[in-house]
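Chain by chain, the residues:
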Amino acid sequence: MELLEKAGRILITDDEGTFLHSTAALLQREGYECTCAIDTTTAREHLNASHYDLLIADIKMPGNPDLEFIRTIPQIAEGLPVILVTGYPSLRSAIDALELPVSAYLLKPLVFDDLLAAVQRAVNRSRAVQAVFTIRKRVADWSRDMESLVPKHTLQDTLQTTVDTTLALSMHNLVRCITDLSTLIQSRP
């Protein structure tokens, strides 16, 4: 998987087909790749099968009582931001949203410019989080590789091979981390 894609991948889940498909079409015009799910079961399947930069989810839909589906997002897709949309705002759902990985709480009918601004912020945040996850994994892999170089035989037999391999692994991992950070910085608006 490429670390960064041009605009971002968004999963939209809503049981109102008109809202679902019109929102996807508008975001696709802006360069986002959108996948639609009519219910939480389908949304969960998409999240398990592929990486997304953002989830846009309706509050009132089957499979999401008391934001049950949204509460499971950190276990399904760690670091995935969520934009909640609703035609039925309530103080309870707004308060609950504060305790969840929700980056925006928007009311239907949506003002597209507000949605687009929220999407851009959320995708940027998602990419930063994913870059950190990727770098952490690379550092862990690097550490494991370095530990495997500890000589198991005599020091004289393996010293030169160990030094050369250590240097090569270090440079390889350092370049990958710097490239990831550079790409992230260059992709910022």
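Keep in mind that what you see is a predicted model, and the values were worked out from it rather than measured. (Residues numbered from 1 in each chain as written. Predicted model: local features only at pLDDT ≥ 70, side-chain atom pairs only at ≥ 80, totals over all residues. Heavy atoms only, no water.)

**Considering the pattern of salt bridges**
Where charged atoms from two side chains of opposite charge approach closely, those side chains can pair. Under the definition given, this model contains seven salt bridges. In this structure, R92 and D96 form a salt bridge, with 2.8 Å as the shortest nitrogen-oxygen distance. Highlighted residues: R92 and D96, both in helix α4 (residues 91-98), separated by four residues, approximately one helical turn. Exposure remark for D96: the relative accessible area of 10% places this residue in the buried category. One salt-bridge network, held together by shared partners, links D14, E16, D58 and K108. (Salt bridge = Lys/Arg side-chain N within 4 Å of Asp/Glu carboxyl O. Helix = DSSP H or I, 4+ residues; strand = E, 2+ residues; numbered from the N terminus. Buried < 20%, exposed > 50% of the residue type's maximum accessible area, 1.4 Å probe, protein only.)

**Re the packing of helix α2 (residues 40-49) against helix α3 (residues 68-76)**
Running from amino to carboxyl end, α2 crosses α3 at an angle of 15°, the nearest separation of the two axes being 11 Å. When the axis of α2 is compared with that of α3, the two are roughly parallel. Along this stretch, α2 crosses α3, giving a crossing that reads as right-handed. Here T40, A43, R44, L47 and N48 of α2 lie close against α3, whose contacting residues are F69, T72, I73 and I76. Grouping the amino acids of the contact of α2 with α3 by side-chain chemistry returns five nonpolar, three polar and one charged. (Axes fitted to C-alpha atoms, helices over the stretch in contact; angles between N-to-C directions. Parallel < 35°, antiparallel > 145°, perpendicular 65-115°, else oblique. Left-handed = near helix turned anticlockwise from the far one by under 90°. Contact = heavy atoms within 4.5 Å. Nonpolar A, V, L, I, M, F, W, Y, C, P; charged D, E, K, R; others polar.)

**A short note on the pairing of strand β1 (residues 9-13)**
Counting buried residues along β1, five of its five residues qualify, which places the element largely inside the surrounding structure. Neither face of β1 is left uncovered, since the one carrying R9, L11 and T13 and the one carrying I10 and I12 both have all their residues buried. Relative to strand β2 (residues 33-37), β1 runs parallel, the two sharing five bridges. Residue T13 lies in a different strand from β2, and its bridge partner there is A37. The handedness of the β1 to β2 crossover, carried by helix α1 (residues 17-29), is right-handed. Summarising the sheet, β1 and strand β3 (residues 54-58) pair through four bridges and their orientation is parallel. Across the sheet, I10 pairs through a bridge with L54, a residue of β3. (Pairing = 2+ DSSP bridges. Right-handed = clockwise from strand over helix to strand, strands pointing away.)

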